[in-house]
Amino acid sequence: FFRHSLAHGSKRHTMMKSLWRAAICALLLGAAEGNMNGKPGQYKIANGNPASPKAYSTDYNAEYFDVYGPTIKTRYSEVYWKMQEAVPIPEAIRKRFHNKTMAIVGYEVDQVQVTPQGDVPVPITWAYNHHYECWMLNSKKARMVKAKSDARAIRLGLNHGAMEHWKPEILDPSDDSEIPLTQFFSEGNGGEFRLSYHGYPKGYAQFIESPDIVHVMPMQIDTRNRDMDTPAFKPGPLPRASRIPASAGYSGLIECPCSDTLPKKWGMSYGARSTGRCRTPVKNATECFSGARQVMGSSKYVEHQVSASSKAGGCSVERHVDGTADIFWNSAVGRGCASRRPADSLMVSFAQSVVNLTVALATQEAPTAATITITGPADRWFGVGFGADAMCVHMVSDECPEGGPYAIVVSGESVTERKLAFHGAGDVLPRSVTVQSSTVQNGYRTVVLTRPLSGASPKHYTFDPTKPSMPIINAKGCGLPFAQHCGHAPATLTFFATNTPTCVCEGGIRGTIGGNPFPNPGPCSPQPHGDLLWQHNPTCSVQTYVGGLRCCRDGKSLLDADQPVPWPDQYLEYSLKFRFYFEEYVPARPAYVPSHQNLVRLYWTTEAFAGEYDVPQCLPGTPAADCIHVITSRWKVREMMHNCSLRTGDGSCTGTGSTDPNQTAGVKLIYAGPHCHAPTCLSMELYNADTGRLLCHMEPVRGQSVDLYDEHGFLAIPPCLWGDIAEGLLEPELLSLDTTLLSIKRNNNTLGHTGEMASWQMRGIVVPRHPKTPAREGVLAPGKGPVGMDVVE
């Protein structure tokens, strides 16, 4: 459906579309007539200025438009956690801000059932918003793409424990402007999202140029007991791992307890070292022969036990050009691993999957620089795709604009090269391989091919011998004609130099939960960044992990395997609704300051990159008032800064030069939103640890009834704001890049809890080292040049 209301005439028109499709719908109005959620004045901030003659108003007073996320449809205990499709924002807004900058001065969020009679809010006790992420984009110049979660994504909390995450990719920056092409919204993004204030003081905003689409990625947990016959909350069935009793007044599902449908597995991992000695050596020959097989794939292993000081001591393995490997256990105190590679050695990898594959790469280009040996069933086609772990090289939302990978397909004596389509056969490419041999033995065909390292065209894959690994996909058919496969899998080629000893070392415990890898080393950081390692928090290790994000999977029930989902035919359907408040940005002109300053995202987690943590239950006999669990974190301001362009960044960039003390004096916090979970969160505090000054103290506002927006135990989290004294705010403090910050988080631990969070979702301004002009908004500055607002000489 689509609704549109004029700004001043209060004219409303509603019509049902032919299909209630899963798409973002938009409602455009003029100036705000009151907040979307709760009652006037119900939003709070944590740090008003008592010396100011007026209190800061949390009632929004700006133009706005609404967006409705696609329909969320779940059964009891089901998790909904996915990127939703993008839809254009209202046409009038798109036209108004074409080639102009929108200043977003705040937003609200709710979960609603959309009906012809109007929006019906959904109680938080029915559907729990664990968190949301929302992006607004200029789709002509940016798009959302899925990326593997690297160390930076984990540090910024972009992946929420997942192996992959979504991020914006800039297609066309066009010019040297620093106006962002994307914006990210995630403040107060959990169970507190409805009544936590997401507004900014006058003159501050999130900038975006020519916005036209919105993407929403919610994580929701269905906790609605369909048999509740009273207003008081009664939980439905819970898995055995839940620590929350039925009398708690809320569902234990909100903490993502690990059900037995996600088995945990772990064991010692092993790594390779090409020089020096192992930090943690392998203990004996049995472990060596087993561990070496984990490190280096091979078509054949030969085990050796020796005692020779001339060879690498302990456990080592040597690769040969035919894909075989020798494993050595040397009981003597031998020399270290090889420090240099022989000039004639090749980089060779072997993978055993649906087919067997050996790839040998020379370090110099030549017609036969790459030797590829593939073995598969003689009576079927088989093939390998290079440089991708799926049938898409580069996924963009739900589309694959670049198609599938380059592949080699063997069908009897025929060998073809293809550029695969997304889940399709694709196109045959001009041949670049030379068939050196094709033999059949014991029902399997082995084909040996050679080709140059460089691809013959952009559609041919280019091999890089300097890369240590390469993702592949491989498959086999149902017969010789190339058609739908009858077996496929991804795999990874890991390359080692031939005829060179590679040491095998212990790499620490590695494990999986429900098949997904658990971080190794674990996700927790040492002090001063965090306390979790020192406290031996269960979330730090796969052996002790019992609940949290890693046990919440999209589309999966949180119940145990022997617990059927109750009410299987009773679905809960609703949407997330965002209301964006905006103003027009007026850029600087001679002698005048701009209308707003752009707010950059400044993010930190008290749990220090773990993304979550367990709150252990207090000891038996402890008085209830003393059941308090505390964690802390210390970090430098510069650790929140990311030296990349605001225009082309992913939402976490703080600007070019922002980490350089010669260019940047520091930051001023304008908005600091703590994030913690109901109902265990007691308080969060942020200090300037260098001066001992308290910057922000937050105590959540707890629901006291069964009423909407006041559900028992659930939270509203007031943020801290800084700005103009005349607005009722404290002035922001300049924090240099070397300022040490301290976060202290307190939780009630009468009960134990899993998946708790303690993050600071902050917005601030970067203060340049040198001034541009001292002018203020609308005030002339005679003889001065272009305008800047907060600066330090």
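Keep in mind that what you see is a predicted model, and the values were worked out from it rather than measured.

Colleague: Even after reading the chapter, I still don't get the environment of Thr-375, so can you show me in this structure?
Modeller: Inspection of the secondary structure puts Thr-375 in strand β22 (residues 370-377). Between the alpha carbons of Thr-375 and Val-448 there is a distance of 8.9 Å; along the sequence they are 73 residues apart. A distance of 2.9 Å separates a polar atom in the side chain of Thr-375 from a polar atom in the side chain of Thr-446.

Colleague: Is there a simple way to think about empty space enclosed by the protein in this case?
Modeller: Summary: where empty space remains is shown by rolling a probe the size of a single water molecule over the atoms. Per the counting criterion, the structure on display carries six cavities of 30 Å³ or more. As a volume, the largest cavity reaches approximately 120 Å³. Elements represented by at least two residues in the lining of the largest cavity include exactly β13 (182-185) and β36 (600-605). Residues that form the lining of the largest cavity fall into these classes: five nonpolar, five polar and three charged.

Colleague: Got a minute to help me understand the side chain of Ser-595 in this structure?
Modeller: Within the secondary structure, Ser-595 sits in the loop between β34 (572-584) and β35 (597-598). In terms of polar contacts, Ser-595 uses its side chain to reach the backbone amide nitrogen of Val-586, at 2.8 Å. A polar side-chain atom of Ser-595 sits 2.7 Å from a polar atom in the side chain of His-596.

Colleague: Where do I start with the nonpolar core in this structure?
Modeller: Generally speaking, soluble globular proteins have nonpolar side chains that are buried together. Of all hydrophobic cores here, the largest spans 120 residues; its most connected members are Phe-65, Met-102, Met-136, Ile-221, Phe-578, Phe-580 and Leu-686. If near-sequence neighbours (up to four positions away) are discounted, Met-102 is found in contact with Phe-65, Ile-93, Phe-97, Met-136, Gln-206, Phe-207, Ile-208, Pro-211, Phe-582 and Glu-583. Within the second largest apolar cluster, 31 residues are counted, among which are Ala-362, Ile-374, Val-384 and Ala-491.

Colleague: Would you mind going over unusual backbone geometry with me for this structure?
Modeller: Only a minority of non-glycine residues have a phi that is not negative, and only a minority of peptide bonds are not trans. A cis amide bond links Asn-520 to the next residue, Pro-521, at an omega of 0°. With respect to the helices and strands, the residue Pro-521 is situated in the loop between β33 (516-518) and β34. Cis geometry is found at the peptide bond from Gln-527 to Pro-528, where omega equals 10°. Here Pro-528 shows up in the loop between β33 and β34. Although it is not a glycine, Asn-99 adopts a positive phi angle of roughly 60°. The exposure class of Asn-99 is exposed, given its relative accessible area of 57%. Despite not being glycine, Asn-499 has its phi angle at roughly 55°, a positive value. Structurally, Asn-499 is set in the loop between β31 (496-497) and β32 (502-513).

Reading guide: rules and limits
Residues numbered from 1 in each chain as written. Predicted model: local features only at pLDDT ≥ 70, side-chain atom pairs only at ≥ 80, totals over all residues. Heavy atoms only, no water. Helix = DSSP H or I, 4+ residues; strand = E, 2+ residues; numbered from the N terminus. Polar contact = N/O pair within 3.5 Å; in protein donor to acceptor, adjacent residues only side chain to side chain. 1 Å grid on protein atoms, 1.4 Å probe; cavity = no way out; pocket = protein on both sides within 12 Å on 5 of 7 lines; lining within 4 Å. Points joined across faces, edges and corners; volume = space filled by probe spheres on them. Nonpolar A, V, L, I, M, F, W, Y, C, P; charged D, E, K, R; others polar. Core = buried A, V, L, I, M, F, W, Y, C linked by side-chain atoms within 4.5 Å. Buried < 20%, exposed > 50% of the residue type's maximum accessible area, 1.4 Å probe, protein only. Contact = heavy atoms within 4.5 Å.

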